[in-house]
Amino acid sequence: MKTSGWLAAGVLVAISGMAQAENIGSVDTAFKLIGPDHKVVVEAYDDPKVNGVTCYVSRAKTGGISGGLGLAEDKSEASIACRQVGPISFNGQLRQQEEVFNQSLSILFKKLRIVRMVDAKRNALVYLTYSDKLIEGSPKNSVTAVPVERSVTIPLR
């Protein structure tokens, strides 16, 4: 019983360390007679370790019956734009490269990922979005960067 308690606590800690998506809006791209329409959704992700930075991701969301039931595989295309939305401060030290968010795009094995990289030479935070699959990922990706004022040191591990 103690082991399952520690396991549950570990899962909660891992989940809380990841950014959570906030739906900003969507536009329909194709009408579906049965089930929701195909659409492009825009979601916001606040970096859990960097206060003052929000990433906006647009991505395709499959509709129809399979999409409505959560069984469809969404396309691998996504775009990202991260911006400073307030004063930048850090919640501890950052790794040189770290995944800050992932979201399932299909019932099995496909995920949208957002990775933060630190460009120490330019004092900037670089964010990359891409999708991967257990067998074969997609080379489709998008990248953006947020400059950090030179007076603010990015704390690296």
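Residues numbered from 1 in each chain as written. Predicted model: local features only at pLDDT ≥ 70, side-chain atom pairs only at ≥ 80, totals over all residues. Heavy atoms only, no water.

S.K.: Lay out the packing of aromatic side chains with the relevant residues and their values.
M.R.: Aromatic ring pairs are defined here through the distance separating the ring centres and the angle between the ring planes. Inspection of every chain in the model, using the stated rule, returns one aromatic pair. Their ring planes at 45 degrees and their centres at 4.1 Å tell us that tyrosine 45 and phenylalanine 101 sit as a pair that is tilted. With tyrosine 45 in strand β2 (residues 38-46) and phenylalanine 101 in strand β5 (residues 97-104), this pair connects stretches of sequence that are 56 residues apart. Assigned by exposure class, tyrosine 45 and phenylalanine 101 land together as buried. (Phe/Tyr/Trp six-rings, centres within 6.5 Å; stacked < 30°, edge-to-face > 60°. Helix = DSSP H or I, 4+ residues; strand = E, 2+ residues; numbered from the N terminus. Buried < 20%, exposed > 50% of the residue type's maximum accessible area, 1.4 Å probe, protein only.)

S.K.: For the pattern of salt bridges, give the residues involved together with the corresponding values.
M.R.: Evaluated as defined, the whole model comprises eight salt bridges. The partner of arginine 59 in a salt bridge is glutamate 43, and the shortest N-O contact between them spans 3.2 Å. Of this pair, arginine 59 sits in strand β3 (residues 50-61) while glutamate 43 is found in strand β2, placing the two residues 16 residues apart along the sequence. Side by side, arginine 59 and glutamate 43 carry an identical accessibility label, which is buried. (Salt bridge = Lys/Arg side-chain N within 4 Å of Asp/Glu carboxyl O.)

S.K.: Could you give an account of the pairing of strand β6 (residues 110-119), with specific residues and numbers?
M.R.: For β6, a buried count of eight out of ten residues is recorded, marking the element as mostly surrounded by other parts of the structure. Examined bridge by bridge, β5 and β6 share seven bridges and lie antiparallel to one another. Each residue of the ladder has a partner; that of glutamate 99, found in β6, is valine 115. (Pairing = 2+ DSSP bridges.)

S.K.: Please set out unusual backbone geometry residue by residue, giving values where relevant.
M.R.: Although it is not a glycine, asparagine 123 sits at a positive phi angle of roughly 55 degrees. Along the polypeptide, asparagine 123 turns up in the loop between β6 and β7 (124-133). Look at asparagine 123 and you get buried, because its relative accessible area is 9%.

S.K.: Describe the nonpolar core, and please don't skip the residues or the numbers.
M.R.: Note on soluble globular proteins: their nonpolar side chains tend to be buried together. Counting residues in each nonpolar core, the largest one holds 21 residues, and the members touching the most others are Val50, Val53, Ile114, Leu125 and Tyr127. The set of elements that each furnish at least two residues to this core consists of β3, β4 (78-90), β5, β6 and β7. The element contributing the most residues to this core is β4, with five residues. (Core = buried A, V, L, I, M, F, W, Y, C linked by side-chain atoms within 4.5 Å.)

S.K.: Talk me through the pairing of β2; I want residue IDs and the actual numbers.
M.R.: Pairing of strand β1 (residues 21-30) with β2, which is carried by eight bridges, proceeds in the antiparallel orientation. Bridge pairing in β2 links glycine 25 to valine 42. The hairpin formed by β2 and β3 contains three residues between the paired strands.

S.K.: Please provide a residue-by-residue account of the state of the cysteines, values included.
M.R.: Evaluation of the coordinates by the stated rule reveals one disulfide. Between the sulfur atoms of cysteine 55 and its disulfide mate cysteine 82 the distance is 2.0 Å. Here the disulfide of cysteine 55 and cysteine 82 is right-handed, its torsion about the S-S bond being about 105 degrees. Here cysteine 82 lies in strand β4 and cysteine 55 lies in strand β3, a separation of 27 residues in the sequence. (Disulfide = S-S within 2.5 Å.)

S.K.: Kindly report on the sheet that holds β4, identifying the contributing residues and their values.
M.R.: To summarise the sheet geometry, strands pair through backbone hydrogen bonds and adopt either a parallel or an antiparallel arrangement. Pairing is antiparallel across the open sheet formed by four strands, whose spatial order is β1-β2-β3-β4. Looking along the sheet, the strands with just one partner apiece sit at the ends: β1 and β4. Here the strands of the sheet are splayed against their neighbours by 15 degrees on average, with no regard to which way each runs. Sheet topology note: the β2/β3 ladder contains eight bridges and is antiparallel. (Axes fitted to C-alpha atoms, helices over the stretch in contact; angles between N-to-C directions.)

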